[in-house]
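Topology and contacts: notes
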Amino acid sequence: MSQSQTWQELCAQKKKRQEESIPKEWRIDVPADNNQSVLQVPLTCGLLTPAEIEITETTDVSILLGKLATGVWSSVAVTTAFYKRAVIAQQLTNCLTEIFVERALARAKEVDEYLAKYGKPIGPLHGLPISLKDQFCLKGLETIMGYASWIGQYAERDSVLVEILYNLGAVPFVRTNVPQTLMWGETFNNVFGRTTNPYNRYMTPGGSSGGEGALVALKGSPLGVGTDIGGSVRIPSAFCGLYGLRPSYERLPYANALNAQEGQESISSVLGPMSNSLSAIKIFTKAIIDAKPWNKDPLAVRKEWSEREYALQGHAGGVGLCFGVMWDNGVVRPHPPLVRAMREVKEALEAAGHRVIDWEPHRHLELYKNGESIFAADGGHDYRTECEKSGEPLLQTMSPNDNPHEYDLDEPFAKTLVGPNPEHKSAYELWQLHKEKRILRKSYLDHWEATVSRTGTGRPVDAIISPVAPYTAVPHGCNSDAFYTTLFNILDYAAAVFPVTFVDKEVDVVVPPHEFRNHEDKAVYKLYDPELFHGLPVGLQLVGRTLEEEGVIGMTEVVDRALKAARHK
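Summarised in this report is the structure supplied together with it. This one's a predicted model, so the numbers in the text were calculated from it and none came from an experiment.

The rules behind the values
Residues numbered from 1 in each chain as written. Predicted model: local features only at pLDDT ≥ 70, side-chain atom pairs only at ≥ 80, totals over all residues. Heavy atoms only, no water. Helix = DSSP H or I, 4+ residues; strand = E, 2+ residues; numbered from the N terminus. Rg over C-alpha atoms; globule rule 2.2 N^0.38 Å. Buried < 20%, exposed > 50% of the residue type's maximum accessible area, 1.4 Å probe, protein only. Contact = heavy atoms within 4.5 Å. Lys, Arg positive; Asp, Glu negative; His and termini not counted. Charge placed at Lys NZ, Arg CZ, Asp CG, Glu CD. Phe/Tyr/Trp six-rings, centres within 6.5 Å; stacked < 30°, edge-to-face > 60°. Lys NZ or Arg CZ within 6 Å of the ring centre and 35° of its normal. Salt bridge = Lys/Arg side-chain N within 4 Å of Asp/Glu carboxyl O.

A closer look at the overall build of the chain
Along its length, the chain carries 21 helices and 13 strands. Relative to its length of 569 residues, the chain is compact, with a C-alpha radius of gyration of 22 Å against a globular reference of 25 Å. For the C-alpha atoms alone, the extent of the chain along its principal axes is close to 60 × 55 × 50 Å. Counting all 569 residues of the chain, 62% fall into the buried class. The long-range fraction of contacts in the chain, counting pairs at least 24 apart against all pairs at least 6 apart in sequence, stands at 81%. Here the chain contributes 58 positively and 70 negatively charged side chains, and the mean placements of these two sets differ by 5 Å.

Put into C-alpha cells, the structure is as follows:
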C-alpha cells in the first residue's frame, strides 16, 4: 500500500481495476428498478447462448459433475458459461471481488487435457467451477477482505482449501464480496461497495458471505464456499433461497485463509458450501474430508467421512425421527413467514411418519451474552488496527447514506448485552468467559439429552428445526439480529440451511403485537411489512450435534424429501 495515497484513492483504483477485468463483450444493460427481482435477467439479457443457459440452469451439481467426468461437457465450456453468468450477476448485484477469466479458463483447459489424455477425471470435483469468499487465498491474487489497507497484498501461496480443490480437479474461478471486518450480517465495504439481493435489490443478501449468496442465487456459480462464525454461511443461504452447511469447528480446513480476529479460537470461524442443490452440499463436504485435510491443516479434525452416520444409523436409519421445532428463541420473535415455514415443515414431517415436538430454549440469554462478550473481548482493537493502517473509518452501520430504510432501533440487543464500549479484556477475564462457555455447553447438552423423556422414540431429539433469523432478507442496514445462528456457533452444533417457501403477502399477514422482551424484539416486529417482503425466500436451519455433519446432511435430505412430497400431494 502506498503511503502517499489516501484510502479513498486506493479504493477507487482497485474498483477501476476490477471493472477493467470484465470483458467488454460481457457487458449488459442493467434494469433500473431496484425493487424488482433480477433473477430472470441472465436468461433474457442475450449474453448467454442456449447451451450456456442449459449448463448454468443445471442446478443439481451431481448431474454437472457426471457430464464433466464423462466429457459430455468440457470444463472450458462449463467454466465459460458460469463465468459469463457470474459477470452478469456482478453487474446486477455487485457480488464479486476478484475476476480472473484467463487464469480460470487456463485451469479448465488443463483439466480437459487430463481427461483426454488419461481417460479419467482428476478427482470427484473434476472440472467444476467453484466460487470462493474473499478470504481464501489464491497465489498471485490480492485478498482484500473489505479492508482498504489490504489492497496490494498479493498472496504468496494458496490456502489449504484451494490446494485441495486443485487436487480434486476443481476450477476456482471467482472470489466474492464481504463486509468490512466480516462481522456483519450484510455485505458492504469501502473497497468494492454494497452487494444486493437478486430477489429484490432493496434488500440485503445477508452476510458476511453475501457475495456468495447473491452469486449462487443468480446461478452464477454451481457451488460457492463461504465462512461462518456467527451465521455467515447460513444467513445469506436463507436470504437467497439456497442450501448451506455450517460444519463444526475445524471439520474442514481453514489454514492459510485470511480472517478477522485471527487468534480468537473460542468460537472458531468455519468454512462451508452454499448451493442451489442439496447434492452439492454432500458432494463438497465428502470430497474435502476424503482428501484427508488433517495432513495439510494441523487443526483439521482427524475424522474420516462416515457413510454409517450419513445413512442415519444412529437415528433409526432415518425412519420415525423426532424433530424439535424452535418456534422462538426467547429473545426475538420471528416474523409470520418464518412461523408458517416451520408449520409447513412440521406438517410435512408428520405426514412422512416422523414426530415433531416443541424445542424449549435453554439459558439462551446467558449463551448470547457469553458469545458476544468473547467477540468483543479485544474492545474492537483488531478492527481499528486494520482500519488505521490506511486511515479508513471503521464502519458503524450497514445502512446506505441515501434513503436508508426506517428501522426503529438505536442499537442491536447484542450491543446492549456487552455494553456500548466494551473494554479490552485481560487474558484472565477472557479465560473466565471460556470457562463459562464450557459450563453452558455442558448444560445445553444435558438439556438435549433430557428430551428422551418427550420424544417417544427411545432417543433424544434427533435434530432441531429453527429459523436462521427472525426475518427473511431485510432492507439494507436492518439485519441487526444474528442470535438464531450465533447460538449454534457458540454451542458448536453442525447445522444446514434449506429453502422452504416464499413470503406471501396474502397469507403472511401482520399479527397482533406480543409482549416484547427487549427493544430489538419490538423493532423487529415493527419492521415486518407483507407488501415489502412479498416474494422473498424463506429458509430454515436443521441443527444436529457437534461434528455430526454427515448426519445433519442426511437429516436435511429427509426434511427436503418430506417437503417435496407434501407439495406434490
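Remarks on the packing of aromatic side chains
Per the stated rule, a full pass over the model turns up 17 aromatic pairs. A centroid spacing of 5.3 Å and a plane angle of 90° characterise the contact between Tyr 83 and Phe 173, whose relative ring orientation is edge-to-face. Of the two residues, Tyr 83 sits in helix α5 (residues 75-93) while Phe 173 sits in strand β3 (residues 171-176), which places them 90 residues apart along the sequence. Like Tyr 83, the residue Phe 173 is buried in the burial classification. Here Trp 305 and Tyr 310 contribute two aromatic rings whose centre-to-centre distance is 6.0 Å and whose plane-to-plane angle is 45°, an arrangement assigned as tilted. Against the face of Phe 100 rests Arg 103, its NZ or CZ located 5.9 Å from the ring centre.

Describing the pattern of salt bridges
All told, the structure shown has 34 salt bridges when counted by the stated rule. One salt bridge in this structure joins Glu 163 and Lys 296, with 3.1 Å as the shortest N-O distance. Placement of Glu 163 in helix α7 (residues 160-167) and of Lys 296 in the loop between α10 (278-290) and α11 (307-310) is noted, with a sequence separation of 133 residues between them. Among the residues examined, Glu 163 registers a relative accessible area of 26% and is labelled partly exposed.

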